[in-house]
Amino acid sequence: MAAPEFTLVIGDKNWSSWSLRPWLLMRQAGVPFDEVHVRLRQPDTKANILAVSPTGLVPALKWRGETIGDSLAICETIADLFPERKLWPRDALVRSVARAAAAEMHAGFGALRRDMPMAVIERHPGDGHTGEALADARRIVHLWRDLRARFGRQMSGDQGFLFGHFTVADAMYAPVVTRLRTYGVDLVALGDDGPASAYMDAVMTLPAMRDWISGAETEEKAKA
Ligand SMILES: N[C@@H](CCC(=O)N[C@@H](CS)C(=O)NCC(=O)O)C(=O)O
């Protein structure tokens, strides 16, 4: 069998939320890729990343001699290369809403990211519940509910995702889903009466998501 055309450089699966996003998207899209792991939080982490990615950050996608840095740029690249996988909504107006949601995640929610860092196999209920982080979480819950109601649930063949089927927007929010679980955030207190919680279940039960989490468990056991 020919070697995959793509190599994705990622960080530790327990922690690297930015790595999870394109990894999940590529797995969901059925795009084969090789995986290179750089261990984070080590004295030589920066040097090891710089040896494979000039941004000094993971993820990075190696494709045809180029190195594409940044999670959203990688997701855009994959969506562009595989239009038949419908990784953005087909309708231009709906697609613009999906892009805005993905960009809001990529550029924002700094307090949530700072106070509730991703730790997919850990449980720290009550930790990180600062006012700022919860305000970010409230906005996200509102967004998920709104997108599910106005778009996801209206799509024929709705699979429970923000725009019905799995898109880049879902890949961008997948690490938030894990954070809300890890830190035991009460969705009802943030205004959810079911849809946000159901959306989280849809993300968490994806086979690729389960594979990422079991990969995180394997990595963490190997460190112990
Ligand atoms: N905007 C970048 C952020 C990437 C990022 O911050 N990655 C972290 C890991 S999740 C990293 O590489 N940190 C470098 C380090 O730990 O030395 C993206 O979307 O990919």
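Scroll up to find the structure.
Residues numbered from 1 in each chain as written. Predicted model: local features only at pLDDT ≥ 70, side-chain atom pairs only at ≥ 80, totals over all residues. Heavy atoms only, no water.

Once that is clear, we can look at the overall build of the protein. When you go through the protein residue by residue, the secondary structure sums to nine helices and four strands. Ordered by position in the sequence, the α and β elements of the protein form the string β-α-β-α-β-β-α-α-α-α-α-α-α. In terms of overall dimensions, the protein is globule-like: its C-alpha atoms have a radius of gyration of 17 Å, near the 17 Å expected for 224 residues. C-alpha extents for the protein along the principal axes are approximately 45 × 40 × 30 Å. Taking contacts inside the protein between residues at least 6 apart in sequence as the whole, the part at least 24 apart equals 71%. Counting only carbon and sulfur atoms, one obtains 53% of the accessible surface of the protein, whose full area is about 10,300 Å². Once the 27 positive and 28 negative side-chain charges of the protein are each reduced to a mean point, those two points are 2 Å apart. (Helix = DSSP H or I, 4+ residues; strand = E, 2+ residues; numbered from the N terminus. Rg over C-alpha atoms; globule rule 2.2 N^0.38 Å. Contact = heavy atoms within 4.5 Å. Areas by Shrake-Rupley, 256 points an atom, 1.4 Å probe, with all protein chains shown as cover. Lys, Arg positive; Asp, Glu negative; His and termini not counted. Charge placed at Lys NZ, Arg CZ, Asp CG, Glu CD.)

Quick look at the site of the ligand now. Near the ligand there are 13 residues, and of these Ser16, Val58, Asp70, Ser71 and His106 occur at the shortest range. Here Asp70 contributes a side-chain N or O atom positioned 3.1 Å from a nitrogen atom of the ligand. Summarising the interface, the protein chains cover 75% of the accessible area of the ligand, which totals 520 Å² for the free molecule. Most atoms of the ligand, that is more than half of them, are within 2 Å of grid points of the largest pocket. In terms of residue count, helix 2 (residues 45–50) provides more of the shell around the ligand than any other element does, three residues in total. Counted by class, the shell around the ligand contains six nonpolar, five polar and two charged residues. (Near = heavy atom within 4 Å. Polar contact = N/O pair within 3.5 Å; in protein donor to acceptor, adjacent residues only side chain to side chain. 1 Å grid on protein atoms, 1.4 Å probe; cavity = no way out; pocket = protein on both sides within 12 Å on 5 of 7 lines; lining within 4 Å. Sits in = over half its atoms within 2 Å of the grid points. Nonpolar A, V, L, I, M, F, W, Y, C, P; charged D, E, K, R; others polar.)

Here we take up the pattern of salt bridges. Following the criterion strictly, the structure yields 14 salt bridges and no others. Measuring nitrogen to oxygen at the nearest pair gives 3.4 Å for the salt bridge that ties Asp192 to Arg145. Taken as a pair, Asp192 in the loop between helix 7 (168–182) and helix 8 (195–204) and Arg145 in helix 6 (residues 131–150) lie far apart in primary sequence, 47 residues in all. When its relative accessible area of 5% is taken as the criterion, Asp192 is described as buried. In this structure, Glu220 and Lys223 form a salt bridge, with 2.7 Å as the shortest nitrogen-oxygen distance. Taken together, the residues Glu220 and Lys223, both in helix 9 (residues 207–223) and three residues apart, mark about one turn of the helix. Given the relative accessible area of 25%, Lys223 is considered partly exposed. It is possible to trace a salt-bridge network through shared partners that takes in Asp12, Glu220 and Lys223. (Salt bridge = Lys/Arg side-chain N within 4 Å of Asp/Glu carboxyl O. Buried < 20%, exposed > 50% of the residue type's maximum accessible area, 1.4 Å probe, protein only.)

The geometry of helix 1 (residues 17–29) relative to helix 9 is characterised by a closest axis approach of 9 Å and an angle of 135° between their N-to-C directions. The orientation of helix 1 relative to helix 9 falls into the category oblique. Read as a crossing pair, helix 1 and helix 9 show a hand that is right-handed. Residue-level contacts link Ser19, Leu20, Trp23, Leu24, Arg27 and Gln28 of helix 1 to Ala208, Met209, Asp211 and Trp212 of helix 9. Tallied by class, the residues present in the contact of helix 1 with helix 9 amount to six nonpolar, two polar and two charged. (Axes fitted to C-alpha atoms, helices over the stretch in contact; angles between N-to-C directions. Parallel < 35°, antiparallel > 145°, perpendicular 65-115°, else oblique. Left-handed = near helix turned anticlockwise from the far one by under 90°.)

Moving on, we get to the sheet that holds strand 3 (residues 60–63). What the four strands build is an open sheet, ordered 2-1-3-4; its pairing is mixed. At either margin of the open sheet sits one strand with a lone partner, and together these are strand 2 (33–37) and strand 4 (66–69). Neighbour-to-neighbour, the strand axes of this sheet turn through a mean angle of 25°, independent of strand direction. Bridge count for strand 1 (residues 6–10) against strand 2 is five bridges, and the pairing is parallel. Note that in strand 2 the partner of Phe6 across the bridge is Phe33. (Pairing = 2+ DSSP bridges.)

A separate point is the nonpolar core. By size, the foremost hydrophobic cluster in this structure holds 69 residues, and its most contacted members are Phe6, Leu61, Ile78, Trp144, Val168 and Tyr173. For this core, the leading source of residues is helix 7, giving nine residues. Mapping this core onto the domain boundaries places at least three of its residues in each of domain 1 (6–84) and domain 2 (88–207). Beyond its immediate chain neighbours, meaning those up to four positions away, Tyr173 contacts Ala101, Glu104, Met105, Phe109, Ile140, Leu143, Trp144, Leu162 and Tyr199. With six residues, the next largest nonpolar core counts Val9, Ile49, Val58 and Ala60 among its residues. (Core = buried A, V, L, I, M, F, W, Y, C linked by side-chain atoms within 4.5 Å. Domains from an automatic or database assignment.)

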